Amino acid sequence: MSKTITIDPVTRIEGHSKITITMADDGSVSDARFHVTQFRGFEKFTEGRPYYEMPAITARICGICPISHLMASAKACDDLLAVRIPPAAYNLRRILNLGQTIQSHALSFFHLSAPDILLGMDADPARRHVLGLAEAYPEIARNGVWLRMFGQQIIEWLSGKRIHPAWVVPGGVGHPLSPDVRDKILEMIPKGIEITMGALDLLKKSMDQFEAEIQTFANFPSLFLGLVTPEGNLEHYDGTLRIVDENRKVVGDQLDPKRYMDLIGEAVEPWSYLKTPYYKPMGYPDGFYRVGPLARLNACDQCGTAKADEELKHFRALSEGAVLSSFHYHYARLIEILYGLERVQQLLHDPETMSTRVRAVAGPNQPEGIGVSEAPRGTLIHHYRINDDGLITWANLIIATGHNNMAMNRGILQAAKEFVHGDRITEGALNRVEAVIRCYDPCLSCSTHALGEMALHVQVLDAKGNILDEARRS
Amino acid sequence: MKREDHKKLLIGWGNELRGDDAAGRLTARHVALWHTPDIEVMDIHQLTPELSYWIANSAHVIFVDAYPSLEPSTLRLSPILPGSDTSVSSLHHVTPSFLVTMAHALYGQCPPALQIGIPALRMDICAEVSSFAQASVIEALDVIREAWALDTCRVSDDKNRR
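Computed from a predicted structure; not experimentally measured.

### Section: the overall build of chain A
When you go through chain A residue by residue, the secondary structure sums to 16 helices and 16 strands. Relative to a compact globule of 474 residues, whose C-alpha radius of gyration would be 23 Å, chain A shows 21 Å and is just as compact. Seen through its principal axes, chain A has C-alpha atoms that stretch 70 × 50 × 40 Å. With 474 residues in all, chain A has 66% of them scored as buried. For chain A, long-range pairs separated by at least 24 residues make up 71% of all intrachain contacts whose partners lie at least 6 apart in sequence. Within the structure as shown, chain A displays about 16100 Å² of accessible surface, and the carbon and sulfur contribution to it stands at 49%. Here chain A holds 49 positive side-chain charges and 57 negative ones, and the gap between their average locations is 3 Å.

Here you go:
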């Protein structure tokens, strides 16, 4: 008789979800699904609001990465105004966006995933968390706090507060950068680089212990999507879209983000509130792709900063083509922290950054606006239409975690087939299935534009849908 | 992130778009208006793990938050001890007791900590704090003064009600 295992809730991620694993009659895994069980509906209830409220409203989608939504929303509003923002505002938005990436990646690596990597996938779950990490590796845990705090501090110093600042506005930013803040950030960057280089060393030395996980954590061919600069380098704020395949062969390049609807379709499955984007030219479900740190490093030619490019060479040596295992999202995340620190340093040394001209003022000049940027978890798209009074008549948001929906589903199936056997799941197997999801650092509150916290529920079902075993964590 | 160590730290948090849930933040703003040099005030949306650094380096911490209440009720005061919350599911937002535990685990030190819960009668979507919760904020300020033996003027709190 076939059976189903349920993991509910999924832990150490943001939002509510559960995993079901269906077992065939012979005790092998026949299917696995990642269900996102929360819903909010920002696209609908923003209809009727003035366009200029959108950055503040959509930032409330998330308390973790509000800056990402601010950024994409402000860019969509810039498009409605049909303005080109001043160069200083351009640089300052980039710095803010990188501050967000640094703090988000630091939390994901040091505090959500390092317990698995340093304490072991099979470690006692009662200790396999940040407090256990603090006992066993206090310096690592403290470094994680420091890096996360630094990213948050960049956000607060620039914009006034760490969560939901109102500094990024249509047409630019609210006020210029003071020399005092510039100097404070610059003074701290060397320590950030030192911490990140240390973490990279530690991760690389640990990789031998995770051969099975590297082989089975969503390790399959797919497309990879990310923004790149005009030169083809790593980009988080602007640029054009590039899609590469599993061989890093460019499938689409210099793609105008404003034409995303020609590239991306959104499928809906009855078992999840999370929509399933796909690459339109290849159809659904064949056109599945990944976004986020791994995808960005696969898509770009270079990072464009010295230390990150040196690390990128080692990263590229993992594979002849694209790096396919989602386990390496962790590695890519650390390289992106390094890049972020170096890039912030470069931007702060750019004299243009200190200009006091930081905002272009205009009214709406176009009925439709699209803003695309890279959030820590991947490509973020905000698209608005307005009426003659500047009120929103339609909104579409495609969020990073959503892009990865198909990859996460296929990833847990791959890991479940490797680690789950029979109708009962061991703690280590359960953790590995969860750890596949954690590789993507999903933010389900964002991706369903929803409220809530992430927890895990795993169920084992038989072929008729009867629950045979289940485990919950909250 | 340089700061003077061993200040008293007040952390008020909540969602300003959820009515009385903002009571903790309102309290923080009142305390900031005291302009007391040895008090650091954090007025924030949610608790996050890096706050453990500031907590570990403080002389005393007071957390102020709203708690849902179906009817008018009193302030809830509870000391927070390290080790009282070791549950970890998300880390994207955490509890005061988790932060105190984390401060102790990471930095080997943790100051005395107190949590003040302000009763919240309404937490629906709105940007206004009820008059009952505002009155409770004033009571919370008295508790803070007493806990920190401060001699600030209560009249200024009433004047600064929002």
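What follows picks up the thread again.
### A look at the packing of aromatic side chains
Residue and element names in this part refer to chain A. Overall, the coordinates contain 15 aromatic pairs over all chains when judged by the stated rule. Judged by centre distance (5.3 Å) and plane angle (85°), the ring pair of Y90 and Y237 falls under edge-to-face. Within this pair, whereas Y90 is found in helix α4 (residues 87-119), its partner Y237 is found in the loop between β6 (223-228) and β7 (240-244), the two being separated by 147 residues in sequence. In this structure Y90 comes out as partly exposed when scored by relative accessible area, which is 27%. Taken together, the ring pairs connect F210, F217, F327 and F419 into an aromatic cluster.

### As for the pairing of strand β10 (residues 276-279) of chain A
Residues and elements named next belong to chain A. Covered by surrounding structure in β10 are T276 and Y278 together with P277 and Y279, the residues of both alternating faces. As paired strands, strand β9 (residues 264-267) and β10 are joined by four bridges and run antiparallel to one another. From the neighbouring strand, E266 faces β10, where its bridge partner is P277.

### Thoughts on the environment of V323(A)
Residues and elements named next belong to chain A. Looking at where V323 falls in the secondary structure, it is placed in the loop between α11 (306-316) and α12 (329-349). With a relative accessible area of 3%, V323 lands in the buried category. Taking C-alpha positions, V323 is 8.7 Å from N219, a pair spaced 104 residues apart along the chain. The contacts of V323, once residues within four sequence positions are left out, are F224, L294, N298, F315, L318 and H328.

### Concerning helix α3 (residues 66-81) of chain A
Residue and element names in this part refer to chain A. Over its 16 residues, α3 runs 22 Å from end to end, which matches the ideal 22 Å to within 8%, given 1.5 Å per residue. Burial within α3 is extensive, with 16 of its 16 residues counted as buried. A82 occupies a position one or two residues after α3 and carries a positive phi of about 60°.

### Examining the side chain of S272(A)
All names here are of chain A. As for its placement among the helices and strands, S272 is situated in the loop between β9 and β10. One polar contact links the side chain of S272 to the main-chain amide nitrogen of L274, over a distance of 3.1 Å. Beyond its immediate stretch of four places on either side in the chain, S272 contacts F34, H35 and V36.

### A short note on the confidence of the model for chain B
Residues and elements named next belong to chain B. For chain B, the average pLDDT comes to 86, and 83% of its residues sit at 70 or higher. Here residues 153-162 is modelled with pLDDT under 50, and outside its nearest four sequence neighbours on either side it reaches 23 contacts, counting other chains as well. As scored by the predictor, the complex reaches a pTM of 0.87 and an ipTM of 0.78.

### Side note on helix α15 (residues 427-439) of chain A
All names here are of chain A. For α15, with 13 residues, the first-to-last C-alpha span of 18 Å sits near the 18 Å given by 1.5 Å per residue. Most of α15 is tucked away: 12 of the 13 residues are buried. For α15, the complete set of buried residues consists of G428, A429, L430, N431, R432, V433, E434, A435, V436, I437, R438 and C439. One or two steps after α15, the chain reaches D441, where phi turns positive at roughly 50°.

### Section: the pattern of salt bridges
Tallied over the entire structure, the rule returns 35 salt bridges over all chains. The salt bridge involving K75(A) is made with D238(A); its shortest N-O contact spans 3.0 Å. With K75(A) in helix α3 and D238(A) in the loop between β6 and β7, the pair connects residues that are 163 residues apart, well separated along the chain. Owing to a relative accessible area of 11%, K75(A) belongs among the buried residues under this scheme. Relative accessible area serves as the criterion here: at 24%, D238(A) is assigned to the partly exposed category. Of the charged contacts, one joins R29(B) and D43(B) as a salt bridge, the two residues approaching to 2.7 Å between their closest N and O atoms. Placement of the pair is R29(B) in helix α1 (residues 23-33) and D43(B) in strand β2 (residues 39-44), with a sequence separation of 14 residues. Exposure remark for R29(B): the relative accessible area of 28% places this residue in the partly exposed category. Bridged by salt links that share partners, the residues D116(A), R128(A), E434(A) and R438(A) form one connected network.

### Things to note about the environment of S68(A)
Summarising the element assignment, S68(A) is placed in helix α3. Residue contacts for S68(A): discarding those within four places in its chain leaves N97(A), Q100(A), S373(A), A375(A), P376(A) and L380(A).

### Regarding the sheet that holds strand β14 (residues 392-398) of chain A
All names here are of chain A. Spatial strand order, β12-β13-β14: three strands in an open sheet with antiparallel pairing. Among the strands making up the open sheet, the edge pair consists of β12 (368-375) and β14. Taking each pair of neighbouring strands and ignoring which way they run, the sheet shows an average axis angle of 10°. Relative to β14, strand β13 (residues 378-386) runs antiparallel, the two being bridged by six bridges. Directly across from H383, in β14, lies its bridge partner N396. The strands touched by α3 within the sheet are β12 and β13, with β12 carrying the most contacts at an inclination of about 150°.

The rules behind these values
- Residues numbered from 1 in each chain as written.
- Chains lettered and ligands numbered in written order.
- Predicted model: local features only at pLDDT ≥ 70, side-chain atom pairs only at ≥ 80, totals over all residues.
- Heavy atoms only, no water.
- Helix = DSSP H or I, 4+ residues; strand = E, 2+ residues; numbered from the N terminus.
- Rg over C-alpha atoms; globule rule 2.2 N^0.38 Å.
- Buried < 20%, exposed > 50% of the residue type's maximum accessible area, 1.4 Å probe, protein only.
- Contact = heavy atoms within 4.5 Å.
- Areas by Shrake-Rupley, 256 points an atom, 1.4 Å probe, with all protein chains shown as cover.
- Lys, Arg positive; Asp, Glu negative; His and termini not counted.
- Charge placed at Lys NZ, Arg CZ, Asp CG, Glu CD.
- Phe/Tyr/Trp six-rings, centres within 6.5 Å; stacked < 30°, edge-to-face > 60°.
- Pairing = 2+ DSSP bridges.
- Expected span 1.5 Å × (residues − 1).
- Polar contact = N/O pair within 3.5 Å; in protein donor to acceptor, adjacent residues only side chain to side chain.
- pLDDT = per-residue confidence, 0-100.
- Salt bridge = Lys/Arg side-chain N within 4 Å of Asp/Glu carboxyl O.
- Axes fitted to C-alpha atoms, helices over the stretch in contact; angles between N-to-C directions.

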